[in-house]
Amino acid sequence: MKSLYARSTSLKPSIRRAAVVLFSAVTVIGIFSSPAQAGSYTSYMKGVQPGFESTRWREETSATTTTIKFTGCTSDGSVVNVTMAKDIGGAPDTYYTKAAYTKCLESSTSTSTGTWNDHGAGSYYFIVNDGGFSVVSVKSLTVSW
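Conventions we followed
- Residues numbered from 1 in each chain as written.
- Predicted model: local features only at pLDDT ≥ 70, side-chain atom pairs only at ≥ 80, totals over all residues.
- Heavy atoms only, no water.
- Helix = DSSP H or I, 4+ residues; strand = E, 2+ residues; numbered from the N terminus.
- Contact = heavy atoms within 4.5 Å.
- Areas by Shrake-Rupley, 256 points an atom, 1.4 Å probe, with all protein chains shown as cover.
- Buried < 20%, exposed > 50% of the residue type's maximum accessible area, 1.4 Å probe, protein only.
- Polar contact = N/O pair within 3.5 Å; in protein donor to acceptor, adjacent residues only side chain to side chain.
- Salt bridge = Lys/Arg side-chain N within 4 Å of Asp/Glu carboxyl O.
- Pairing = 2+ DSSP bridges.
- Axes fitted to C-alpha atoms, helices over the stretch in contact; angles between N-to-C directions.
- Phe/Tyr/Trp six-rings, centres within 6.5 Å; stacked < 30°, edge-to-face > 60°.

Chemist: Can you walk me through the overall build of the protein in this structure?
Modeler: If you tally the helices and strands in the protein, you get one helix and nine strands. Helices (α) and strands (β) of the protein occur, in sequence order from the N terminus, as α-β-β-β-β-β-β-β-β-β. Pairs at least 24 residues apart make up 77% of the contacts formed inside the protein by residues separated by at least 6 positions. Working note: accessible area of the protein is about 8,900 Å², and carbon and sulfur atoms make up 59% of it.

Rendered as structure tokens:
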């Protein structure tokens, strides 16, 4: 009969192999899984006035790409301007490049999309027709980050 010491030493290589396999599996899953910070929301707008501010969302990393998509726009103007802004709180907000949405005005299923890259972690929102005069409705909008 083997001693307790002999049995424990014979298990060590198999335990090491199991640990290596488990660690490798966790590493592979971690590489291919999507970031925990990614998110999105879907909504609509009806008859919003120029300068309307959207719901705020929080981006946790600086490497985030934000996409704002409008489907089925109506407006008394020929373009819907969308400006992404960072809510600074206690200081003037930071405004990013304005996107001119025109395709979404073509039909109830036409889509316009704007993309903003690498703007830092923080709280964000978008503004519709800031400084403009057109009232806007959007059948469906999606913000993804």
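Chemist: For this particular structure, what's the right way to read the side chain of T71?
Modeler: Locating T71 in the fold gives a position in strand 4 (residues 65–75). Relative accessible area serves as the criterion here: at 16%, T71 is assigned to the buried category. In terms of polar contacts, T71 uses its side chain to reach the side chain of T111, at 3.1 Å. Excluding residues that lie within four positions of it along the chain, T71 makes contacts with S108, T109, S110, T111, V138, K139 and S140.

Chemist: Explain the pattern of salt bridges to me, please; I cannot follow it from the model alone.
Modeler: Any two side chains of opposite charge can pair if their charged atoms end up close together. Under the defined criterion, the tally for this structure stands at four salt bridges. In this structure, the salt-bridge partner of R56 is E53, at a minimum N-O distance of 3.1 Å. Take E53: its relative accessible area is 38%, and that puts it in the partly exposed class. Look at the salt bridges and you will find they share partners, linking E53, R56 and D87 into a network.

Chemist: For this particular structure, what's the right way to read the sheet that holds strand 7 (residues 111–117)?
Modeler: Whether parallel or antiparallel, the strands of a sheet pair through hydrogen bonds between backbone atoms. Read across the sheet, four strands follow the order 1-9-4-7 without closing on themselves; strand pairing throughout is antiparallel. In this open sheet, the two strands that pair with only one neighbour each are strand 1 (40–48) and strand 7. Across the sheet, the mean angle separating the axes of adjacent strands is 20° when strand polarity is ignored. Pairing of strand 1 with strand 9 (residues 136–144), which is carried by six bridges, proceeds in the antiparallel orientation. Counterpart to S43 in the pairing with strand 9 is L141.

Chemist: Whenever I open this one, the packing of aromatic side chains confuses me. Can you help?
Modeler: Each aromatic ring pair is characterised by the separation of its centres together with the angle its planes make. Inspection of every chain in the model, using the stated rule, returns six aromatic pairs. Summarising the aromatic geometry, the rings of W57 and W145 are spaced 5.9 Å apart at their centres and angled 20° between planes, so their arrangement reads as stacked. Here W145 lies in the segment after strand 9 and W57 lies in strand 3 (residues 57–59), a separation of 88 residues in the sequence. With relative accessibility at 3%, the residue W57 sits in the buried group. When its relative accessible area of 18% is taken as the criterion, W145 is described as buried.

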